[in-house]
Amino acid sequence: LLRKKILFSIVPAFVFGSLIGAVLGGFLHFGLETWVLQLILGIFVLYATWSPGFKSSRPGPLRFLCAGGFSGLVTMFVGATGPLVAPFVKAACNEKQQVVSTHAMLMTFQHGFKVLAFGVIGFGFGPYIPLLVGLIGFGMFGTLVGRMVLKKLPENVFRIIFQTVISLLAIRLLYSAASSFFKF
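This section reports on the structure supplied with the text. Please read all numbers here as calculations on a predicted model, not as lab measurements.

### Some thoughts on helix α1 (residues 11-28)
Argument step 1. Over its 18 residues, α1 extends 25 Å from the first C-alpha to the last, a length consistent with the 26 Å expected when each residue adds 1.5 Å.
Argument step 2. Those residues of α1 that sit buried are V11, A13, F14, V15, G17, S18, G21, A22, G25 and G26.
Argument step 3. Where α1 is buried, its residues meet α4 (61-78), α5 (82-92) and α6 (96-120).

### Things to note about the packing of aromatic side chains
Argument step 1. On inspection of all chains with the given rule, the structure shows nine aromatic pairs.
Argument step 2. Ring geometry for F44 against F88: centres 5.9 Å apart, planes inclined by 20 degrees, an arrangement best described as stacked. With F44 in helix α2 (residues 34-50) and F88 in helix α5, this residue pair connects regions lying 44 residues apart in the sequence.
Argument step 3. Seen in terms of ring centroids, F109 and F113 are 6.4 Å apart; in terms of plane orientation they differ by 40 degrees. Their pairing is tilted. Separated by four residues within a single helix, F109 and F113 lie in helix α6, roughly one turn from each other.
Argument step 4. With relative accessibility at 16%, the residue F113 sits in the buried group.
Argument step 5. These aromatic residues form a ring-pair network of at least three members: F118, F123, F125 and Y128.

### Some thoughts on the pattern of salt bridges
Argument step 1. Applying the stated criterion across every chain yields a total of two salt bridges.
Argument step 2. Where E95 meets K5, a salt bridge forms, and the shortest distance between an N and an O atom there is 2.8 Å. In this pair, E95 sits in the loop between α5 and α6 while K5 sits in the segment before α1, placing the two residues 90 residues apart along the sequence.
Argument step 3. Overall, K5 belongs to the partly exposed group, its relative accessible area being 35%.
Argument step 4. In this structure, the salt-bridge partner of E155 is R159, at a minimum N-O distance of 3.1 Å. Here E155 pairs with R159, and both are found in helix α8 (residues 155-182), just four residues apart, close to one helical turn.
Argument step 5. Assessed through its relative accessible area of 28%, E155 is described here as partly exposed.

### Let's talk about the layout of surface pockets
In this approach a probe as big as a water molecule rolls over the atoms, and the regions it shows empty are the leftover space.
Argument step 1. Its volume calculated, the largest pocket comes out at about 1,500 Å³.
Argument step 2. Counting residues per element, the lining of the largest pocket draws most heavily on α6, at 12 residues.
Argument step 3. For the lining of the largest pocket, the class distribution of residues is 28 nonpolar, 10 polar and three charged.
Argument step 4. The volume enclosed by the second largest pocket comes to roughly 180 Å³.
Argument step 5. Taken together, L19, A22, V23, G26, F27, F113, L116, A117, V120 and I121 make up the lining of the second largest pocket.
Argument step 6. Counting only elements with at least two residues in the lining of the second largest pocket, the list comes to α1 and α6.
Argument step 7. If you tally residues by element for the lining of the second largest pocket, the top one is α1, at five residues.
Argument step 8. Its residues assigned to classes, the lining of the second largest pocket shows nine nonpolar, one polar and no charged.

Cut-off values and rules
Residues numbered from 1 in each chain as written. Predicted model: local features only at pLDDT ≥ 70, side-chain atom pairs only at ≥ 80, totals over all residues. Heavy atoms only, no water. Helix = DSSP H or I, 4+ residues; strand = E, 2+ residues; numbered from the N terminus. Expected span 1.5 Å × (residues − 1). Buried < 20%, exposed > 50% of the residue type's maximum accessible area, 1.4 Å probe, protein only. Contact = heavy atoms within 4.5 Å. Phe/Tyr/Trp six-rings, centres within 6.5 Å; stacked < 30°, edge-to-face > 60°. Salt bridge = Lys/Arg side-chain N within 4 Å of Asp/Glu carboxyl O. 1 Å grid on protein atoms, 1.4 Å probe; cavity = no way out; pocket = protein on both sides within 12 Å on 5 of 7 lines; lining within 4 Å. Points joined across faces, edges and corners; volume = space filled by probe spheres on them. Nonpolar A, V, L, I, M, F, W, Y, C, P; charged D, E, K, R; others polar.

Here's what the structure looks like:
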């Protein structure tokens, strides 16, 4: 819906990195503890979201290649890596529509690679098709509503909300890591 705003200059590097990461993640899928990755992700996301040095940088294709590779690998274990990629996208983009559209494009490719990788390693998607259809429908509805809200939201308010939501997701990752480690 916002494809005209996508920052296409970083997409190829991220997509290539994500493909490499998903392939590696497919090979390593059963070898790592999820809580370790959640802990690393949560700490990194908080650092990248709040560090003044990170915010002031303008990540280019090399950083997005690395971000794609790392998040492509991690997504095979943790699930949603949007919070990991979001600080890079936020730092690279100048306006809210560009942040949202570019992040959506990157996550679409990355999740597509993950679906392919899980299919190759033998995951059976059949029983989940009704759920997936419902999720796609509600996701599209949410996207339409989100676009309307985004148009009316001032840029500075968007940046504050974005940073807050990413921080809360990182804290949730840290909580999940602690819950798994301490078994509570």
